[in-house]
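So the chains spell out like this:
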Amino acid sequence: MYQLPVNNLSRIRRARKQVKKALGDIGLEYCKEAAEEFKEFCPNEQFVKGSYCLDICAWDPSYSKTQV
């Protein structure tokens, strides 16, 4: 398979930075909106007492591969 050589590499890099910044701004706005919506959420006491939390991120070193 033949690939054409890339021309104007600096122009492509600038465009990528602009796209990355734009996507970052969109993600930040989305997170801010979600945080505002979550602030309004307040479960009642019965719901909180009826639930329990598990540590879903428990990591045990015995599960990993041993390094030689």
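This text goes with the structure placed above it.
As the structure is a prediction and not an experimental result, all values here were calculated from the model.

**Q** Looking at this structure, I do not really get the overall build of the protein chain. What am I missing?
**A** Broken down by element type, the protein chain carries two helices and zero strands. Counting over 68 residues, the protein chain shows a buried share of 0%. Of the roughly 7,800 Å² of accessible surface on the protein chain, a fraction of 59% belongs to carbon and sulfur atoms.

**Q** Would you mind going over the pattern of salt bridges with me for this structure?
**A** Opposite charge on two side chains makes pairing possible when the charged atoms of those side chains draw close. Evaluated as defined, the whole model comprises two salt bridges. With a closest N to O distance of 3.4 Å, Asp25 and Lys21 form a salt bridge. Of this pair, Asp25 and Lys21 both sit in helix H1 (residues 9-40), four residues apart, which is roughly one turn of the helix. Relative accessible area serves as the criterion here: at 34%, Asp25 is assigned to the partly exposed category. A salt bridge links Lys39 to Glu36; the nearest nitrogen and oxygen atoms lie 3.4 Å apart. With Lys39 and Glu36 both in helix H1 and three residues apart, this pair spans about one turn of that helix. Residue Lys39 is classed as exposed on the basis of its relative accessible area of 63%. The class of Glu36 is partly exposed, set by a relative accessible area of 45%.

Calculation rules
Residues numbered from 1 in each chain as written. Predicted model: local features only at pLDDT ≥ 70, side-chain atom pairs only at ≥ 80, totals over all residues. Heavy atoms only, no water. Helix = DSSP H or I, 4+ residues; strand = E, 2+ residues; numbered from the N terminus. Buried < 20%, exposed > 50% of the residue type's maximum accessible area, 1.4 Å probe, protein only. Areas by Shrake-Rupley, 256 points an atom, 1.4 Å probe, with all protein chains shown as cover. Salt bridge = Lys/Arg side-chain N within 4 Å of Asp/Glu carboxyl O.

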